[in-house]
Amino acid sequence: MGIITGAGNSTKNILDAVKLGCDAYLTGEKTLYTVQYAQYVGMNLIVGSHTFTEIFGVRSLVEQIKKKFNHIETIELFEDHFE
């Protein structure tokens, strides 16, 4: 499986995944060309959303920061999504 969080919607990224032998590709954004190219090369395409494919990394980073700087208060902002 090839994974690019956020905007991995380039057909070049999918081609790289094909060359590496991946049969599935997970990313956060798509375009019409992304969908069409994945179909053309026979790649299983899984599209989350830009935010939802990146939030886990951001949360992990925040936890590391809190461990080192325990006096820092962190707040996660929530917003409505239309993706």
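Residues numbered from 1 in each chain as written. Predicted model: local features only at pLDDT ≥ 70, side-chain atom pairs only at ≥ 80, totals over all residues. Heavy atoms only, no water.

Asks: I'd like a description of the sheet that holds strand S1 (residues 2-4), backed by residues and values.
Replies: Ordered in space as S1-S2-S3, the 3 strands form an open sheet in which the pairing is parallel. Every other strand in the sheet has two partners, leaving S1 and strand S3 (44-47) as the edge strands with one partner each. Shown here is a sheet whose adjacent strand axes are inclined to one another by a mean of 15 degrees, direction ignored. Here S1 runs beside strand S2 (residues 24-27); their pairing, made up of 3 bridges, is parallel. Among the inter-strand pairings, Ile3 is bridged to a residue of S2, identified as Leu26. (Pairing = 2+ DSSP bridges. Helix = DSSP H or I, 4+ residues; strand = E, 2+ residues; numbered from the N terminus. Axes fitted to C-alpha atoms, helices over the stretch in contact; angles between N-to-C directions.)

Take it as geometry only, folks, not as evidence of what the structure does.
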